[in-house]
Amino acid sequence: MALRRVPALCMWLAVVAAVPDARADDAAVSFLQDVKPLLARRCFSCHGPTGSEGGLRLDDPDAALAELDSGLHAIVPGNVDDSALVARVTAADEAERMPPEGKPLTTQGVETLKKWIAAGAKWEKHWAFVPPQRHAPPSVRDASWVQNPIDAFVFAGLEKSGLSPAPPADRRTLARRAHFGVTGLPPSNEQLDSFLNDSQPDSWARLVDWLLASPHYGEHWARHWLDLVRFAETNSFERDGLKPNAWKYRDYVIRSFNADKPYDQFLREQLAGDELDEVTDETMIATGYYRLGIWDDEPADPLQARYDEFDDIISTTSQAMLGLTVGCARCHDHKIDPIPQTDYYGLLAFFADVMPYADIRERDPARYSLWDMSTPDERARREELRDKLELIRKEAASIEDVGIGRMSAGDQEIARTPDRQRLVQDKLEQHLNVSEWKLYQETTKRLQAVQHEIKNLPAPNSALALAKCEPKPADTHVMVRGNPHVPGDAVEPHFPALFGDKTPVIPPPAEGARSAGRRRVLAEWIASPRNMLTARVMANRVWQHHFGRGLVRSASNFGGLGTPPTHPELLDFLALWLVDHDWQLKPLHRLIMTSNTYQMSSAPNEKALAIDPSNDLLWRFDVRRLSGEEIRDATLITSGQFNPAMFGPGFYPKLSQEVLATQSRPGDGWGQSTPEEQSRRSVYIHVKRSLLTPLLTAFDFPDVDSSCEARFVTTQPGQALAMLHGEFANEQAGKLAERVIDEAGADPRVQVAHALRLALQRPANDEEIDDGLELLSRLTNEREQKPDDALRLWCLAVLNLNEFSYLD
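On a predicted model such as this, the values are computed, not experimentally measured, just so you know.

Help me get a handle on the side chain of Arg177, residues and values and all.
By the secondary structure assignment, Arg177 is in helix H8 (residues 171-183). Of the side chains with opposite charge, Asp808 lies nearest to the buried Arg177, which makes no salt bridge, at 5.9 Å. Looking at Arg177, its side chain comes within polar contact range of the main-chain oxygen of Asp808, at 3.1 Å. Residues within four places of Arg177 in sequence aside, it is in contact with Ala169, Tyr598, Gln599, Met600, Ser601, Phe621, Leu807 and Asp808.

Help me get a handle on the packing of aromatic side chains, residues and values and all.
Tallied over the full model, the rule gives 33 aromatic pairs. When the centroid spacing of 5.9 Å and the interplanar angle of 15° are considered together, the rings of Tyr252 and Phe266 count as stacked. In this pair, Tyr252 sits in helix H12 (residues 247-258) while Phe266 sits in helix H13 (residues 263-272), placing the two residues 14 residues apart along the sequence. Looking at Tyr252, the relative accessible area reads 3%, which means it is buried. Note on Tyr307 and Phe310: the rings are 5.7 Å apart at their centroids and 65° apart in plane angle, and the pair reads as edge-to-face. Here the residue Tyr307 and the residue Phe310 both occupy positions in helix H15 (residues 302-322), the gap between them amounting to three residues, near one helical turn. Each of the two residues, Tyr307 as well as Phe310, counts as buried. Grouped by ring-pair contacts, the aromatic residues Tyr217, Trp221, Trp225, Phe231, Tyr249, Tyr252, Phe257, Tyr263, Phe266 and Trp583 constitute a single cluster. Positioned above the aromatic ring of Phe195, the side-chain terminus of Arg171 is 3.9 Å from the ring centre.

Give me the environment of Gln451: which residues, what numbers.
By the secondary structure assignment, Gln451 is in helix H21 (residues 434-455). Given the relative accessible area of 33%, Gln451 is considered partly exposed. Spatially, the C-alpha atoms of Gln451 and Leu389 are 7.3 Å apart, while their sequence positions differ by 62 residues. Dropping the residues within four chain positions of it, Gln451 is found in contact with Leu389 and Arg393.

Break down the packing of helix H10 (residues 203-212) against helix H25 (residues 585-593) for me, citing the residues and quoting the values.
The geometry of a pair of packed helices is captured by two quantities: the angle between their axes and the separation between those axes. At a minimum axis distance of 10 Å, the contact between H10 and H25 shows a crossing angle of 150°. The chirality of how H10 crosses H25 is right-handed. On the side of H10, the interface is formed by Trp204, Ala205, Val208, Asp209 and Leu212, while H25 contributes Lys586, His589, Arg590 and Met593. Partitioning the contact of H10 with H25 into residue classes produces five nonpolar, one polar and three charged.

Quick notes on the rules
Residues numbered from 1 in each chain as written. Predicted model: local features only at pLDDT ≥ 70, side-chain atom pairs only at ≥ 80, totals over all residues. Heavy atoms only, no water. Helix = DSSP H or I, 4+ residues; strand = E, 2+ residues; numbered from the N terminus. Buried < 20%, exposed > 50% of the residue type's maximum accessible area, 1.4 Å probe, protein only. Lys, Arg positive; Asp, Glu negative; His and termini not counted. Salt bridge = Lys/Arg side-chain N within 4 Å of Asp/Glu carboxyl O. Polar contact = N/O pair within 3.5 Å; in protein donor to acceptor, adjacent residues only side chain to side chain. Contact = heavy atoms within 4.5 Å. Phe/Tyr/Trp six-rings, centres within 6.5 Å; stacked < 30°, edge-to-face > 60°. Lys NZ or Arg CZ within 6 Å of the ring centre and 35° of its normal. Axes fitted to C-alpha atoms, helices over the stretch in contact; angles between N-to-C directions. Left-handed = near helix turned anticlockwise from the far one by under 90°. Nonpolar A, V, L, I, M, F, W, Y, C, P; charged D, E, K, R; others polar.

Dropping the structure here:
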């Protein structure tokens, strides 16, 4: 189905050239983009939130303009000569010069401070803490390049710097860029030929629509979200136990992207899917979000571990959804952003009804984290038995406490650790009287009987989720220095003060409620169009995954130490576009991909490289290396082995004994999948925290213990080793050779050319064919390889070409 067009866009394009040009002063200095980052990097460590040496603080405007201990003023607005700050950063005497450590400020840095002070030293509110503004697309002198509003914002910046955009990319390059960018998969040669031979003016727009309708779109873009929410299917730590049915959350994300579920609804379901007006199995699966983090099944300090779980939820939610590092305020006020410690615990109070992943005494997530999707009768019976089991456990624990209270101080200390059960087994009888011990034995038998009855019930159809909550959680307290053993003042659920929103009034839960109702309030606030960060953060992420980096490079940190946006007005435009289009992502994809900005080539330009070497002004499209998953999936497609089956439990790639031996218990929890299963997309690989797939980690698969805003893009020897010597690459090279023989026949020249066309989606040139024939000749004549083996090695070489792994 074609995406909705906006008539106003066409009208705007018709008049853009008639609007008079409005150019900003090139010499202007921005406090947010130029001055504050400089002060944060070089000055805040001594003159910021954590210290005010000499009476100077530069993170607060009132303090920065105040009189210093010396009687001087560091900053005198409009007067550079009387500003002690300038004198100190330019001092010839090293003992006087600031900063005292590291290199002196650069000439450019000093000039930035001077210009800012001369202009009045005006502090501006941090850009991200101001609601998005509606900006009319700027006028440009050459409107012919402007395809849609994105191009106007970009071209205006290029004009100010005297730069021109790169020429358009050729259609093959564009098609590969679009296929990988939307689906994460290469185009087939048939698909590519169809596009190249389509001369209709709307051929590009139709290709974009077709790709966005592909089920592979959801698989690819789900992987970006899974990075953010630290998706994994095991708990980490020594035992790294399985998170049962975690794959259902992964499938939920894929289906949500394919259905173009509005992003605000997507967030509500994950944060409060169990508290919505209509609770379904799908919305319950969405709450698996809370169960994806690491979990210590044998913590040395259970209370500390419990608050570590909360911190994981707070940090992931604030970074992934709001672009804020709220986790930095766990132990003290945030050092850079206006987030006091009370706001951290105010957010924690919203999550206070979230039960731990499992009871550490039994290490079984069934009670708290597995939502039963069986028939109502089966679910009711299972819940009844679990309630009964919980009650009997409490009875048994109370009898145990009587005996433990009579034990030595050392044993009582052991009882507060995971070794309690061993202590009970060894010593409890000695510290109970006859009637107490008899009652304990009877209680234990009742416990075992109920456990047996639960075990004999039909296996539940369950999903990882918030299966149980605490509807009346205890008060939340600010923990002094973050120590859960030292509670301070109580706090109510409230939003961070920097947003300026009132503290919500949350009614107490009704009798029989399964949760506190607080997370629904938080979800509605985060997913509100009035929230000044949510839409900005997601619009930036969509841009990031099309262009390789966001308009804000620090995609999960829009705070003071984050990177300012290269195009702030464009970011606001895209954020409001997202909200105006019902929070659906596909219209935003289409707007971006149909811009000339997206369709530029990556061709270098000597003048532009000198002025803007990092391409912040977007004068060309950046070359992008494929991710590990894209490389693996493209290899399977090229070899003809790709299995497109979607959804369901993850599969286990074949791992060497050396890799399995890296676990504390080698091979534990790693299954065996059929060759057909192992040929599925990489998004379906079982993600075991202690045993990540080596091929993917070689190509910068993220650490899944915490949220990942953007993967590293490295070039290191392990990649060459994996692709030249790894078992997977060599097996697929063999399969590719078999495919080449089957499709191209026995002529070596045709074989060489066909392998290149399959891998690179273009015809081979004579030089490349000659190189391939020379390699085949040397392998057969000098290395005495059989022709089929020589062809396999040629195919391996083809899979290792830069052109296979990079998009330009």
